[in-house]
Amino acid sequence: MATDVATPAPTRTAHGPRRRRRRWVRPVRVVGAAVVVYLAWALLAPQYPGYILPAPVDVWGSFLEAFGRGVWTAEVLATLEHLVTAFGIVILVGLPLGILIGRSAIAEDLSRVVLVFLQTVPTIVLIALALVVSGANDGSVVGVAVAGALTYFLLNVIQGTRAIDPDLVDMARAYRASESAIMRSVVLPAVVPFFLAGARITLGVVWQICLFAEYLMGTDGVGFQVSTAIKLLDTKAVFMWGLSVVALTLLLEYGVIRPVERRLTRHVKKD
Amino acid sequence: MVEPLIRFCDVGKTYARTADPVLEGVDLDVAPGELVAIIGPSGCGKSTLLNLLAGLTDVTVGSIELSRDDLRSAYVFQNPRLLPWRSVRRNVEFSLEQVGVTGKDARCQAEAALDLVHLTGHGDKFPHQLSGGMQQRAALARGLALRPGLLLLDEPFGALDALTRSYLQEELLGIVAALGTTTLLVTHDIDEALLLADRVVVMSSRPARIRRVFDVPFKGTRTQDELLAHPQFAPLRHEVRALLRPEVLTADPSIAAPVRV
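Per chain, residues are indexed from 1 in the order of the written sequence. Written order determines the labels here, with chains lettered from A and ligands numbered from 1. Since the coordinates come from a predicted model, pLDDT governs what is reported: local features require at least 70, and pairs of side-chain atoms require 80 or more to be given and counted, while whole-chain, interface and lining totals use all residues.

Enquirer: Help me understand the overall build of chain B, please; the structure alone is not making it clear to me.
Expert: A run of H or I in DSSP becomes a helix once it reaches four residues, and a run of E becomes a strand once it reaches two; helices and strands are each numbered from the N terminus. A count of helical and extended segments in chain B gives eight helices and nine strands. For this measure, only C-alpha atoms enter the radius of gyration; the expected value for a globule follows 2.2 Å times N^0.38, where N is the number of residues. The C-alpha radius of gyration computed for chain B amounts to 19 Å, which stays within 12% of the reference 18 Å derived for 261 residues, consistent with globular compactness. Counting every position in chain B, which comprises 261 residues, the buried fraction comes to 39%. Looking at chain B alone, contacts between residues at least 24 apart form 71% of all its contacts between residues at least 6 apart. We call a residue exposed when 12 or fewer other C-beta atoms sit within 10 Å of its C-beta, buried when the count reaches 20 or more, and partly exposed for counts in between; the C-beta positions come from the backbone. Here the contact rule is simple: place C-beta atoms from the backbone, and any two residues whose C-beta atoms are within 7 Å are in contact.

Enquirer: Help me understand the overall build of chain A in this model?
Expert: Of regular secondary structure, chain A possesses ten helices and zero strands. Reading chain A from its N terminus to its C terminus gives the helix and strand order α-α-α-α-α-α-α-α-α-α. With the principal axes as the frame, chain A shows a C-alpha extent of 70 × 60 × 30 Å. Classification of the 271 residues of chain A by burial places 32% in the buried group. Nonlocal contacts in chain A, meaning residues at least 24 apart in sequence, comprise 74% of its contacts between residues at least 6 apart.

Enquirer: Looking at this model, I keep getting lost on the interface of chain B and chain A. Mind explaining?
Expert: Listed as interface residues are 15 residues of chain B and, on the opposing side, 15 residues of chain A. Taken together, the residues that form the side of chain B that touches chain A break down as nine nonpolar, five polar and one charged. Basically, the charged four are Asp, Glu, Lys and Arg, the nonpolar ten are Ala, Val, Leu, Ile, Met, Phe, Trp, Tyr, Cys and Pro, and anything else, Gly included, counts as polar.

Enquirer: Can you help me understand the confidence of the model for chain B in this one?
Expert: The predicted coordinates should not be examined in detail at positions where pLDDT is low. For chain B, per-residue confidence averages 87 on the pLDDT scale, and 95% of positions sit at 70 or higher. Listed scores for the predicted complex are pTM 0.81 and ipTM 0.89. The predictor's confidence in any single residue is recorded as pLDDT, a number from 0 to 100.

Enquirer: How should I be thinking about helix α2 (residues 88–97) of chain B in this particular structure?
Expert: Since the α-helix packs 3.6 residues into each turn, any two residues three or four apart lie on the same face. In terms of burial, α2(B) is largely enclosed, as eight of its ten residues are buried. Along α2(B), the residues that are buried comprise B:Val88, B:Arg89, B:Asn91, B:Val92, B:Glu93, B:Phe94, B:Ser95 and B:Leu96. Residues of α2(B) that are buried in the fold lie against α8 (179–217) of chain A together with β5 (73–76), α3 (103–116) and α4 (132–144) of chain B.

Enquirer: Help me out: how do you make sense of the nonpolar core in this one?
Expert: Soluble globular proteins tend to pack their nonpolar side chains together in the buried interior. Residues and elements named next belong to chain A. Connectivity within a nonpolar core runs through C-beta atoms within 7 Å, and the core itself is a set of buried Ala, Val, Leu, Ile, Met, Phe, Trp, Tyr and Cys residues. Within the largest apolar cluster, 124 residues are counted, with the highest numbers of intra-cluster contacts made by Ala-145, Ala-149 and Val-206. A total of 18 residues in this core trace back to one element, the largest contributor, which is α8. If we skip the residues at most four places from it in the chain, Val-206 touches Leu-83, Ala-86, Phe-87, Val-90, Ala-145 and Ala-149.

Enquirer: Explain the sheet that holds strand β9 (residues 210–215) of chain B to me, please; I cannot follow it from the model alone.
Expert: Residue and element names in this part refer to chain B. At least two DSSP bridges between two strands are needed for those strands to be called paired. If you trace the six strands from one edge of the open sheet to the other, you get β5-β6-β7-β3-β8-β9, paired in mixed fashion. Whereas interior strands pair on both sides, the edge strands pair on one side only; in this sheet they are β5 and β9. Going from strand to strand, the sheet's axes swing by 15° on average, the running direction of each strand aside. When strand β3 (residues 35–39) meets strand β8 (residues 199–203), the two strands line up parallel, connected through four bridges. Lines fitted to C-alpha atoms define the axes, with helix axes restricted to the stretch in contact, and inter-axis angles between N-to-C directions lie between 0 and 180 degrees.

Enquirer: Whenever I open this one, the sheet that holds strand β1 (residues 6–13) of chain B confuses me. Can you help?
Expert: Paired through their backbone hydrogen bonds, the strands of a sheet run either parallel or antiparallel. Residue and element names in this part refer to chain B. Pairing is antiparallel in the open sheet, where three strands are placed in the order β2-β1-β4. Sheet topology places β2 (23–30) and β4 (61–66) at the edges, where each strand pairs with a single neighbour. Taken over all neighbouring pairs, the strand axes of this sheet differ in orientation by 15° on average, direction set aside. One ladder, built from five bridges, connects β1 with β2; its direction is antiparallel. Directly across from Val-11, in β2, lies its bridge partner Val-26.

Enquirer: Hey, could you run me through the packing of helix α5 (residues 123–134) of chain A against α8(A) in this one?
Expert: Two packed helices can be described by the angle between their axes and the distance between those axes. All names here are of chain A. For the pair α5 and α8, the least separation of the axes is 11 Å and the interaxial angle reads 50°. In this view, α5 runs oblique relative to α8, as classed from their interaxial angle. Considering how the two elements wind past one another, α5 and α8 form a crossing that is right-handed. Each of Thr-123, Ile-127 and Leu-131 in α5 lies in contact with α8, whose residues at this interface are Ile-209, Phe-212, Ala-213, Leu-216 and Met-217. Partitioned by chemical class, the residues of the contact of α5 with α8 number seven nonpolar, one polar and no charged. An angle below 35 degrees is read as roughly parallel, one above 145 as roughly antiparallel, one from 65 to 115 as roughly perpendicular, and any other as oblique. By definition, turning the near helix anticlockwise from the far helix through less than a right angle yields a left-handed crossing, and turning it clockwise yields a right-handed one.

Enquirer: Just to check I follow, could you spell out the pairing of β1(B) for this structure?
Expert: Walk down a regular strand and you will see the side chains alternate between the two sheet faces. In this sheet, β4(B) lies alongside β1(B) in antiparallel orientation, the contact comprising five bridges. Bridging from a neighbouring strand, B:Phe8 pairs with B:Ile64 of β4(B).

Enquirer: How should the environment of B:Gly121 be read in this particular structure?
Expert: Residue and element names in this part refer to chain B. For Gly-121, the position within the fold is in the loop between α3 and α4. The class of Gly-121 is exposed, set by 10 C-beta atoms lying within 10 Å. Each C-alpha atom, one on Gly-121 and one on Gly-143, is 19 Å from the other, the two residues being 22 residues apart in sequence.

Enquirer: Is there a simple way to think about the environment of B:Arg237 in this case?
Expert: Residue and element names in this part refer to chain B. Its location among the elements puts Arg-237 in helix α8 (residues 233–251). Look at Arg-237 and you get partly exposed, because 16 C-beta atoms sit within 10 Å. Sequence separation of Arg-237 and Arg-199 is 38 residues, and the distance between their C-alpha atoms is 13 Å. Excluding residues within four positions of it along the chain, Arg-237 makes contact with Ile-190 and Leu-194.

Enquirer: Just to check I follow, could you spell out the packing of α8(A) against helix α9 (residues 222–231) of chain A for this structure?
Expert: Residue and element names in this part refer to chain A. Remark: α8 packs on α9, axes separated minimally by 6 Å, with the N-to-C direction vectors making an angle of 50°. With respect to α9, the element α8 is oriented oblique. Where α8 crosses over α9, the two elements pack in a sense that is right-handed. Residues Cys-210, Leu-211, Phe-212, Ala-213, Glu-214 and Tyr-215 of α8 touch α9, and the partners they reach there are Val-222, Gly-223, Phe-224, Val-226 and Ser-227.

Enquirer: Looking at this structure, how should I read helix α1 (residues 25–44) of chain A?
Expert: Helix length check: α1(A), at 20 residues, gives a terminal C-alpha distance of 29 Å against a target of 28 Å (1.5 Å per residue), a fit within 8%. Among the 20 residues that make up α1(A), zero are buried, leaving the element largely open to the surroundings. To estimate how far a helix should reach, multiply one less than its number of residues by 1.5 Å.

Enquirer: Mind showing me how you'd approach unusual backbone geometry here?
Expert: Note: most residues except glycine have negative phi, and most peptide bonds are trans. The phi dihedral of A:Arg176 falls on the positive side, at around 60°, and the residue is not glycine. Since 17 C-beta atoms lie within 10 Å of it, A:Arg176 is described here as partly exposed.

This is the structure in C-alpha cells:
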C-alpha cells in the first residue's frame, strides 16, 4: 500500500549543491536530448510506411487539419471537462475523507474494505460496471476516473495527517485553540506537501483513466478520437492526439501545479 | 493569605501505557502573581505538572482547581514548537488569534513581543532561518504577546547562551511583575530558580512528590549580580543542592558509577 505514497517536496536536486555548473548547462542538455529524439524520428520515418511511423510533418498536418475543422478544440475541451470534473471531485472528497481517516481509527477500519477494493480492482472492470449501470456517457467517464484515482490521493492525505507533529497540536491546545482553529492552522498546512504530491499523482492517473474510458465507451473526447483513428489506420492522427495530451500535461504542470506548489511551500527550506 | 489562584490537591498522574505513576500526592497552592519554580531530577514528571495545568492531559487522582477561568494562559515549551509554514511574526500572532486579536492589532502586539525578546527585524523570516536559541525566543514572544495571566515555562532558557539567558531572565521578571502574571517555571537550574522565583519547589525522583518548598528571601533583588552578592544566597543554594543531589542519583544511578579512563 505504501508504494503509492510519494515522498513530499524534495528540497534539493539529486546532485546537490556540490558542484555548481553554469545555469544554462542543464536546460541545454534537456533541449539537446529533445532535438536528438526529434531528429531520430524524422530520419527513421521515411524508412517505414506512414501507418506505422508517420513523418513529423504529416503529424503536424493532421493537427492543422483537425484544428481547422474545430475537432481538435472540441475534443480536447471534452476530455479536459472529464479531467477537471473528476480531479475536482477527487480533491473535494479526498481531502476531508483522508484527514478523517488519518485522525480516526473508526473511520480507518470502516473505510478499509472499500479502499482496498478501489485500489486493486482493475480499471477495465470499473468501466464495464459503469457501462452496465449508467451507460456510455460523460458521467460514466468521470465516475470511473474518480473511483480509479481516489485511493492514490487519499493515501497521501492519510499519510500526511499521520505525520502531523503532535507537539504542534499540543502547543495549539495549550493556547486554547478551538478544534476548527487547529484544523485550519495546524492540520491543513501540515498536510500541504502530501496534498501536493497526491494531487500530482492523481492528475496523471485521472488523465490515463479518462482517455481509456473514452476509448472504450465511445464518448466525446481525445480517447474516442484515438480509437476512431486507429480503426482507420490513421496513425498520424494517433501520434497527433498523443502529442496533444503530452503538451496539455506539460501546460498543466508548469501553468497550474508548479505555481500553486511554489505558493504553498514558500516556507520550505531550500539549499 | 490571599486565596490561591491554583490549588493542586493530592494530584497524581499515571499514564495509561506505563503502570508506574509519574506524579504522586502533589499538594501545592499558588497565589496570584506568584512565581513558583519547580526543580527536580530530569524526567521526574515536572513537565507533566505543567501539562495537567494546561489541560493537555488529565489528572489520574486528585484535582487541580483554578479560582479564575478567564485567565489568558501561555505555555513556553522546552522546544520551540513553532509552525514551520508561518513567518516568525505570524507564529507570535498565533497565540493572539486564539483570544480574538487579529489583523493590525495582532501585528503590532506581535512586533512588540518580538522587540522584547530582541528579535526585532526577524519577523518576516521563517523559523528554519533562525538559530535554535532565536527560535526559542520567538516561542517566548508567542507566550508573552498574550500578556498572560498564567504563564507556564518548561525550561524555556535551556537552549540559550549564558548572556542571552540572563538578559531574558531579567526581562521576564520585569514583564511578569508588571502584568501580575502567575508563573510556574520548570527548571534544572538552581541559580535560575533562586533568581526568578518567590518559592522553589523541590521534587523527588519518580514518582515525583514534593520534597520541600523553599521561600526565596531575595524580594526585590532581581539581577544576577545582586543575587550573587546577597549573604543568604550561597547557604540557600547549598541547601537546595544538598536536597536535590540524592534525588538525581536515585533517578539515574549511572551518574554515581565510577568512570574508567
